[in-house]
Amino acid sequence: MDSFEINENVVRSLVREQHPDLAELDLREVAGGWDNQLWRLGDELAVRMPRTERAPSLLRKEYRWLPALAPRLPLPVPTPTRMGEPSARFPRPWTIASWVPGEPADRAPISHDRAADTLAGFLKALHVKAPAEAPVSPDRGVPLHTLTEGFERGLEEVASGGVGADLRNVRDVWEEAVAAPDWQGPPLWLHGDLHPANVVVSEGTLAGVIDFGDMCAGDPAVDLAAAWVLLPAGAVARFFAAYADADEAMIRRARGLAAAKSLFLILMGRAGERGLPGGKPTWGPAGWAALDRVLERGCRTTVTDISLMHRDSL
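Remember, predicted model here, so these are calculated numbers, not experimental data. (Residues numbered from 1 in each chain as written. Predicted model: local features only at pLDDT ≥ 70, side-chain atom pairs only at ≥ 80, totals over all residues. Heavy atoms only, no water.)

### A closer look at the packing of aromatic side chains
- Applying the stated criterion to the full structure yields 6 aromatic pairs.
- Plain terms: the ring middles of F239 and Y243 are 6.1 Å apart, the flat faces sit at 20° to each other, and that makes the pair stacked. Of the two residues, F239 and Y243 are both situated in helix α8 (residues 236–243); the distance of 4 residues between them amounts to about one turn of the helix. Taken as a pair, F239 and Y243 share a single burial class, namely buried.
- Every member of this aromatic cluster is reached through a ring pair, and the members are W228, F239, F240 and Y243.
- K124 extends its terminal NZ or CZ atom over the ring of Y243, reaching a point 5.8 Å from the ring centre. (Phe/Tyr/Trp six-rings, centres within 6.5 Å; stacked < 30°, edge-to-face > 60°. Helix = DSSP H or I, 4+ residues; strand = E, 2+ residues; numbered from the N terminus. Buried < 20%, exposed > 50% of the residue type's maximum accessible area, 1.4 Å probe, protein only. Lys NZ or Arg CZ within 6 Å of the ring centre and 35° of its normal.)

### What about helix α3 (residues 115–126)?
- With 12 residues, α3 extends 16 Å between its outermost C-alpha atoms, agreeing within 8% with the 16 Å of an ideal straight helix rising 1.5 Å per residue.
- Those residues of α3 not exposed but buried are A115, A116, L119, A120, F122, L123, A125 and L126.
- Those residues of α3 that are buried lie in contact with α2 (55–69), β7 (188–190), β9 (205–209), α6 (221–224), α7 (226–229) and α8. (Expected span 1.5 Å × (residues − 1). Contact = heavy atoms within 4.5 Å.)

### Description of the sheet that holds strand β3 (residues 45–50)
- Strand order in the open sheet made by the 5 strands is β1-β2-β3-β5-β4, with antiparallel pairing throughout. Both edges of this open sheet fall to β1 (27–30) and β4 (80–84), since each of them pairs with a single strand only. Neighbour-to-neighbour, the strand axes of this sheet turn through a mean angle of 25°, independent of strand direction.
- Pairing geometry for strand β2 (residues 36–41) and β3, over 6 bridges, is antiparallel. Note that in β3 the partner of L41 across the bridge is L45. (Pairing = 2+ DSSP bridges. Axes fitted to C-alpha atoms, helices over the stretch in contact; angles between N-to-C directions.)

### Considerations on the pairing of β2
- For β2, a buried count of 6 out of 6 residues is recorded, marking the element as mostly surrounded by other parts of the structure.
- Of the two faces of β2, the one lined by N36, L38 and R40 and the one lined by Q37, W39 and L41 are each fully buried.
- Relative to β2, β1 is paired through 4 bridges, and the arrangement is antiparallel. Bridge pairing links V30 to L38 in β2.
- In sequence, β1 turns back onto β2 through a hairpin of 5 residues.
- Counting the residues between successive antiparallel strands, the hairpin from β2 to β3 contains 3 residues, one of them, G42, with a positive phi of roughly 65°.

### Digging into helix α9 (residues 248–273)
- With 26 residues, α9 extends 38 Å from end C-alpha to end C-alpha; this agrees with the ideal 38 Å at 1.5 Å per step.
- Among the 26 residues in α9, 20 count as buried, and that is most of the element.
- Taken from the residues just after α9, G275 is the one with a positive phi, measuring 75°.

### Considerations on unusual backbone geometry
- Positive phi, close to 55°, is recorded for E203, a residue that is not glycine.
- Its place among the elements puts E203 in the loop between β8 (199–202) and β9.
- Even without glycine at this site, D211 takes up a positive phi of about 55°.
- The exposure class assigned to D211 is buried, which follows from its relative accessible area of 16%.

### Regarding the sheet that holds strand β6 (residues 103–104)
- Reading across from one edge, β6-β8-β9 is the order of the 3 strands in this open sheet, with antiparallel pairing throughout. Strands with a single pairing partner mark the edges of an open sheet, and in this sheet they are β6 and β9.
- Relative to β8, β6 is paired through 2 bridges, and the arrangement is antiparallel. Directly across from P104, in β8, lies its bridge partner V200.

### Regarding the environment of D35
- Tracing the backbone through its elements, the reader meets D35 in the loop between β1 and β2.
- In this structure, the C-alpha to C-alpha distance between D35 and L58, residues 23 residues apart in sequence, is 8.8 Å.
- In this view, D35 contacts M49, P50, R51, T52, R54, A55 and L58; residues no more than four positions away in its chain are not counted.
- A polar side-chain atom of D35 sits 2.8 Å from a polar atom in the side chain of R54. (Polar contact = N/O pair within 3.5 Å; in protein donor to acceptor, adjacent residues only side chain to side chain.)

From the geometry alone we can't say anything about function, so treat these as descriptive.
Given below as structure tokens:
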């Protein structure tokens, strides 16, 4: 994290200097994510101020690609509308994007099963073949065996906190995922980082998807992990039936990636409880809840489960 302060005076002066037509709108800070500090600008806009070294490149990536993707997505997303350039007052680029109303799911978890259909519809619309020049990631949408070292490290760190013996089953989930065949299709557009703080909720269901900084092209299993990470218990089969394009190998990969994401959320929550920089206290409970769903036998969805659900719906 950066040491320089991003306060209201800095943000207001930047908007006034570079986008004076918006300078009279109300400005107030709201809860941001890992990479960016967030300020609400009026009722319909948000200012995103980078606070990590990687954040500027993520903002520029969103600015390039998200306006083209957003019109065909069935949920609101924070579409960048203006770019703020580095200046003497602030040394990094920043953006103004559309505001997506709702409460982050790490504070207001999804509670309605119908969110499974909403999430599936969103991902079906997003998961189309990406162009050759689309961004790629070293750790998202890639073969799972390349991520094993990071998974093992996360599992060891969580286990070092003195938690229960259920963690011994997490490695089994990961090994099943790694053993599944890799994605053989073309690289598809991915959100890349679907977890409770990156979606918003209204009336118990999914209302918007935010923070596309990790968007890239690759294996859609990384996004399908959201079936366990975001949805309430028992909704996984409904999600995959609605998504319809996942075979058993993809489901296994997605479940393994959901286990890995759960560990990450737990560790971020633990850091928040300890007051460490970048820690997020609300992520810990969300991570444990997601891990419970991953390990629950009823969530071990197979192609047979999906087929039966399709038949019953006819």
